[in-house]
Amino acid sequence: MYIHQQICISPQHTVAPVNLDAVNSAADGKMVALEPVLEGVPPGMLRRMSKAVRMGIGAGLPLLKTTVPDGIIIGTANGGMEDCIKFLNQIIDYEEGMLTPGNFVQSTPNAIAGQLSLATKNRNYNATHVHLGLAFENALLDAKMFLNDHPERVYLAGAVDEISTYNYNIDRLAGWYDPALTNESLFDTDHAATIAGEGAALFLLSGKPDGALAKIEAIETLHTANPQNVAKRFEQLLANYPVTPNTLLLSGDNGDKRYRFFYDNLETLLPLTTVLRFKHLTGEYPTATSFATWLAADILQKQEVPAVFVKKGAVPPGIDRVIIYNHYHGMQHSFLVVSKQ
């Protein structure tokens, strides 16, 4: 499966012109996405969109200007949760009377894929995968199954998640986030929490290599709390996709000391491999692997890695493969292998 075009909206400058050397910092323990100007979207429609939908539209519409995909597949953990809470509050405030439907319509997880379909009059396959920390990976697997049978087709696939006040407060009280943390302190202090993030990354995928930016060679997922199971699956992956001196490991380490051992265990299996990490620039969110996939394809295309991403090792010349490992809350794990096409 090949990536032909991609757009990422994140807390950093990832929308053209891309500038990963200028780093934005966290504020109050949150990494808030920088939204681009949405061209061609009527102001009345824009006002009714939740942030998740705006990010999905902002990342998706530019990719669909000259392409009519055979399907639109989005992964998200919550969709527009902020609008969902607004709607539930209205039920109480208005005693189930005259409610505003806009908040409800914009809050459903499939609103992003639906809005992209409506905006481009696309009546092809349309699906949303809501699998928390593996939502993005399942969206990719959905597209891959189609492309295995019909490599000539093109699919728009990706992921979107926003920081909602409701979810953030619950996760903060549960100990997942710490408002006192910053980008600079995320990996330098020993703490049992991380910073919250959000973003959208969408990709035009096909089964043909012509003109592709990168190739997604493998997608592996598993549910486990046992690090031995993760290490075993990683070793099986390496047997099929051997590491070379030009391979990079992109780690989803978010600075939370409670689960850092998952990443440390895998790094010991690749002692000579350069290790990158990214969540000090994006924060933690369920579909953060979509940013990692965008970053991997960008690195393979440009053959350079900004120093802010490097954890250890020297960046080799002629980078040929990036192995991504991420987990969400120590239970949902995924591996992606992205290579030069």
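See above for the structure.
How each quantity is defined
Residues numbered from 1 in each chain as written. Predicted model: local features only at pLDDT ≥ 70, side-chain atom pairs only at ≥ 80, totals over all residues. Heavy atoms only, no water. Axes fitted to C-alpha atoms, helices over the stretch in contact; angles between N-to-C directions. Helix = DSSP H or I, 4+ residues; strand = E, 2+ residues; numbered from the N terminus. Left-handed = near helix turned anticlockwise from the far one by under 90°. Contact = heavy atoms within 4.5 Å. Nonpolar A, V, L, I, M, F, W, Y, C, P; charged D, E, K, R; others polar. Pairing = 2+ DSSP bridges. Buried < 20%, exposed > 50% of the residue type's maximum accessible area, 1.4 Å probe, protein only. Polar contact = N/O pair within 3.5 Å; in protein donor to acceptor, adjacent residues only side chain to side chain. Core = buried A, V, L, I, M, F, W, Y, C linked by side-chain atoms within 4.5 Å. Salt bridge = Lys/Arg side-chain N within 4 Å of Asp/Glu carboxyl O. Phe/Tyr/Trp six-rings, centres within 6.5 Å; stacked < 30°, edge-to-face > 60°.

Chemist: Please clarify how the packing of helix α8 (residues 227–240) against helix α9 (residues 260–269) should be interpreted in this entry.
Modeler: Helix-helix packing is characterised by the crossing angle of the two axes and by the distance between the axes. Interaxial distance between α8 and α9 falls to 10 Å at its minimum, and their mutual angle equals 35 degrees. Note that α8 runs across α9; the crossing there is right-handed. Contacts between α8 and α9 pair Pro 227, Val 230, Ala 231, Phe 234 and Glu 235 from the former with Phe 261, Phe 262, Asn 265, Leu 266 and Leu 269 from the latter. Broken down by class, the residue content of the contact of α8 with α9 amounts to eight nonpolar, one polar and one charged.

Chemist: So what exactly am I meant to see when it comes to the sheet that holds strand β6 (residues 214–223) here?
Modeler: Each strand in a sheet pairs with another by means of backbone hydrogen bonds, the pair being arranged parallel or else antiparallel. An order of β3-β2-β4-β5-β1-β6-β11-β10-β7-β8-β9 is seen for the eleven strands of this open sheet, with the pairing classed as mixed. Two strands lie at the open edges of the sheet, namely β3 (125–129) and β9 (310–312), each paired on one side alone. Neighbour to neighbour, the strand axes of the sheet diverge by 25 degrees on average, direction disregarded. With four bridges joining them, strand β7 (residues 247–251) and strand β8 (residues 274–277) adopt parallel strand pairing. Following the sheet pairing, Leu 249 is matched in β8 by Val 275.

Chemist: What is the right way to read the side chain of Thr 14 from this model?
Modeler: Relative to the elements of secondary structure, Thr 14 occurs in the loop between β1 (2–9) and α1 (43–48). Under the relative-accessibility criterion, Thr 14 is labelled buried at 3%. A polar side-chain atom of Thr 14 sits 2.8 Å from the main-chain carbonyl oxygen of Cys 8. Here the side chain of Thr 14 touches Ser 10 through a polar contact of 3.0 Å, side chain to side chain. Ignoring sequence-local partners within four residues, the contact set of Thr 14 consists of Cys 8, Ile 9, Leu 20, Phe 291 and Trp 294.

Chemist: When you look at the side chain of His 280 in this model, what are you seeing that I'm missing?
Modeler: Within the secondary structure, His 280 is located in helix α10 (residues 279–282). At a separation of 2.8 Å, a polar atom in the side chain of His 280 contacts the main-chain carbonyl oxygen of Val 308. Residues in contact with His 280, not counting those within four places in the same chain, are Met 31, Asn 183, Leu 186, Phe 187, Ile 195 and Val 308.

Chemist: In this structure, what is going on with helix α2 (residues 51–60)? I would like to understand it.
Modeler: Since one α-helical turn is 3.6 residues long, residues separated by three or four positions face the same way. Burial analysis of α2 places nine of its ten residues in the buried class, which makes it a mostly covered element. All of the buried residues in α2 are Lys 51, Ala 52, Val 53, Met 55, Gly 56, Ile 57, Gly 58, Ala 59 and Gly 60.

Chemist: Hey, could you run me through the nonpolar core in this one?
Modeler: If you look at soluble globular proteins, the nonpolar side chains tend to sit buried side by side. Counting 41 residues, the largest nonpolar core has Leu 205 and Leu 295 as its most contacted members. In terms of residues, this core owes the most to one element, helix α11 (residues 289–302), which gives eight residues. Setting aside anything within four residues of it in sequence, one finds Leu 295 in contact with Leu 20, Leu 250, Phe 278 and Phe 309. Counting 24 residues, the second largest nonpolar core, distinct from the first, contains Leu 38, Ala 52, Val 53 and Leu 116.

Chemist: Help me out: how do you make sense of the pattern of salt bridges in this one?
Modeler: When their charged atoms lie close together, side chains carrying opposite charge are able to pair. Tallied over the entire structure, the rule returns nine salt bridges. We note a salt bridge from Asp 298 to Lys 302, for which the minimum N-O separation is 3.3 Å. Of this pair, Asp 298 and Lys 302 both sit in helix α11, separated by four residues, roughly a single helical turn. Owing to a relative accessible area of 11%, Asp 298 belongs among the buried residues under this scheme. Taken together, the salt bridges that share partners define one network made up of Glu 267, Lys 311 and Lys 312.

Chemist: What's the story with the environment of Tyr 328 in this structure? I'm lost.
Modeler: For Tyr 328, the position within the fold is in strand β10 (residues 321–328). Tyr 328 sits in the buried class, given a relative accessible area of 5%. Residues Tyr 328 and Thr 289, spaced 39 residues apart in sequence, show a C-alpha to C-alpha distance of 9.8 Å. If near-sequence neighbours (up to four positions away) are discounted, Tyr 328 is found in contact with Leu 132, Gly 133, Glu 284, Tyr 285 and Pro 286.

Chemist: How should the packing of aromatic side chains be read in this particular structure?
Modeler: Aromatic ring pairs are reported here in terms of the distance separating the ring centres and the angle at which the planes meet. Per the counting criterion, the structure on display carries eleven aromatic pairs. Relative to Tyr 325, the ring of Tyr 263 has its centre 5.1 Å away and its plane inclined at 55 degrees; by these criteria the two rings are tilted. One end of the pair, Tyr 263, is in helix α9; the other, Tyr 325, is in strand β10, with 62 residues separating them in the sequence. A single burial state applies to Tyr 263 and to Tyr 325, both of which are buried.

Chemist: Would you mind going over the pairing of strand β11 (residues 332–339) with me for this structure?
Modeler: Moving residue by residue along a regular strand, the side chains alternate between the two faces of the sheet. Across the eight residues that make up β11, a large majority, eight, are buried. Here β11 shows no split at all, with Gln 332, Ser 334, Leu 336 and Val 338 on one side and His 333, Phe 335, Val 337 and Ser 339 on the other all buried. With eight bridges joining them, β6 and β11 adopt antiparallel strand pairing. Each residue of the ladder has a partner; that of Lys 215, found in β11, is Ser 339. Where β10 and β11 come together, eight bridges link them in antiparallel fashion. The partner of Arg 321 across the bridge, within β11, is Ser 339. Following β10, the chain reverses through three residues before pairing antiparallel with β11; His 329 in that reversal takes a positive phi of roughly 55 degrees.

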